[in-house]
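Architecture and fold: a report
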Amino acid sequence: MEEMKDTPTPTKLRERTLKDLFSVFEGIYGPSFECRYYPCHFSGQDCSFCYCPFYPCLIYDMGGEIKVSSDGNFVWSCVNCWKIHEKDFSENVMVALSRYPRQRIVEEDWFFFNEILQELLFGDVVGIRDENYYLLDILSDKVCEEIDDGEVLAVKVDNFSITSVRKIKDLKSAENEIIIPVKSKGRYYGVRDESFVVCYEDRLVY
Ligand code: SF4
């Protein structure tokens, strides 16, 4: 990971991410042996995407989760995601994103990038759009049981940065937010087929 002397603003972070991505398009990819942090995840890792183009993906299967930073902001922690550093996956990402003109890549939003990631992981777009929310339906491949009462996380993302997170008990109360399950002690509390469910840890992506 590149040394950062300051905490980058979301705009700066996105600029670095796009610069990283365009370097990959130019053919600069693979392990980064000269990096002082190499290997930050595992020996032989692929460093093409030091800055992940899907950040913040909000997909627990990747190994990430929502945390509160020392300055009180919500962040998506990627500390347990190694997938973006696997050579095969990294190449698939490069192929998927290189289909689009650079101008479009610069202008597109979180949904565009997230749906590309969904297709790479699940073979299809699993996000469900509604008038008030975007349900990231990441429980369909898990073992779940219906429960009478539940809650989900409603997340707002602006300029690839999480600006708010709250728990809601009714999708109708969502305000153009992204809906993801609540993760607690290896269980996921979410919505599947319009019912509240509890599902069990099963990282099918790996
Ligand atoms: S969890 Fe992995 S795929 Fe998701 S944003 Fe972080 S590095 Fe990217």
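**Things to note about the nonpolar core**
Counting 43 residues, the largest nonpolar core has Leu58, Ile66, Leu136 and Ile180 as its most contacted members. Mapped by element, the contributors of at least two residues to this core are α1 (10-25), α2 (87-97), α4 (110-122), β4 (133-136), β6 (152-158), β7 (161-168), β8 (177-184) and β10 (195-200). In terms of residues, this core owes the most to one element, α4, which gives 6 residues. Looking at which domains feed residues into this core, each of domain 1 (10-124) and domain 2 (128-200) supplies at least three. Grouped together as the second largest cluster of nonpolar side chains are 10 residues, Tyr133, Ile168, Ala174 and Val191 included.

**Some words on the environment of glutamate 146**
For glutamate 146, the location among the structural elements is in strand β5 (residues 144-146). Taking the C-alpha atoms as reference points, glutamate 146 and valine 197, separated by 51 residues in sequence, lie 4.2 Å from one another. Dropping the residues within four chain positions of it, glutamate 146 is found in contact with Ser195, Phe196 and Val197.

**Side note on the site of the ligand**
Around the ligand, the surrounding shell consists of Cys52, Tyr55, Cys57, Met62, Trp76, Cys78 and Cys81. In the shell around the ligand, the residues fall into 7 nonpolar, no polar and no charged.

**Overview of the state of the cysteines**
One pass over the full model with this rule turns up 1 disulfide. For cysteine 144, the disulfide goes to cysteine 199, at an S-S distance of 1.9 Å. Taking the torsion about the sulfur-sulfur bond, which here is approximately 105°, the covalent link between cysteine 144 and cysteine 199 counts as right-handed. Taken together, the residues span a long stretch of sequence, with cysteine 144 in strand β5 and cysteine 199 in strand β10 at a distance of 55 residues. Take cysteine 144 and cysteine 199: they sit in the same class, and that class is buried.

**Concerning the packing of aromatic side chains**
Given two aromatic rings, one states the distance between the centres and the angle between the planes to describe the pair. By the definition in use, this model includes 9 aromatic pairs. Ring centres of tyrosine 60 and tryptophan 76 lie 6.0 Å apart, and the angle between their planes is 40°; on these two criteria the pair is classed as tilted. Here the residue tyrosine 60 occupies a position in the loop between α1 and β1 (65-68), and tryptophan 76 occupies one in strand β2 (residues 74-77), the gap between them amounting to 16 residues. By relative accessible area, tyrosine 60 is classed as buried at 4%. Residues phenylalanine 111 and tyrosine 134 carry aromatic rings whose centres are separated by 5.0 Å and whose planes lie at 75° to one another, so their mutual orientation is edge-to-face. Taken together, the residues phenylalanine 111 in helix α4 and tyrosine 134 in strand β4 connect sequence positions 23 residues apart.

**A closer look at the domain arrangement of the chain**
With domains assigned, the chain is organised as domain 1 (10-124) and domain 2 (128-200). Between the C-alpha centres of domain 1 and domain 2 there is a distance of 23 Å. Listed as interface residues are 23 residues of domain 1 and, on the opposing side, 21 residues of domain 2. Interface area for domain 1 against domain 2, summed over the two sides, is near 2,000 Å², with a carbon-plus-sulfur share of 69%. It is Leu58, Tyr60 and Phe74 that lose the most area in domain 1 upon contact with domain 2, and together they represent 34% of the buried surface on that side. Counting the contacts that link domain 1 with domain 2 gives 2 salt bridges. Here arginine 129 makes a salt bridge to glutamate 115, at a shortest N to O gap of 3.4 Å. Going through the elements one at a time, α1, β2 and α4 are the ones with two or more residues in the side of domain 1 that touches domain 2. With 7 residues, α4 is the largest single contributor of residues to the side of domain 1 that touches domain 2.

**A look at unusual backbone geometry**
Most peptide bonds take the trans form, and the phi angle of most residues other than glycine is negative. A cis amide bond links tyrosine 55 to the next residue, proline 56, at an omega of -5°. Position of proline 56 relative to the elements: it lies in the loop between α1 and β1. Even without glycine at this site, glutamate 194 takes up a positive phi of about 70°. Along the chain, glutamate 194 falls in the loop between β9 (187-192) and β10.

Calculation notes
Residues numbered from 1 in each chain as written. Predicted model: local features only at pLDDT ≥ 70, side-chain atom pairs only at ≥ 80, totals over all residues. Heavy atoms only, no water. Core = buried A, V, L, I, M, F, W, Y, C linked by side-chain atoms within 4.5 Å. Buried < 20%, exposed > 50% of the residue type's maximum accessible area, 1.4 Å probe, protein only. Helix = DSSP H or I, 4+ residues; strand = E, 2+ residues; numbered from the N terminus. Domains from an automatic or database assignment. Contact = heavy atoms within 4.5 Å. Near = heavy atom within 4 Å. Nonpolar A, V, L, I, M, F, W, Y, C, P; charged D, E, K, R; others polar. Disulfide = S-S within 2.5 Å. Phe/Tyr/Trp six-rings, centres within 6.5 Å; stacked < 30°, edge-to-face > 60°. Buried area = accessible area lost by both parts, 1.4 Å probe. Salt bridge = Lys/Arg side-chain N within 4 Å of Asp/Glu carboxyl O.

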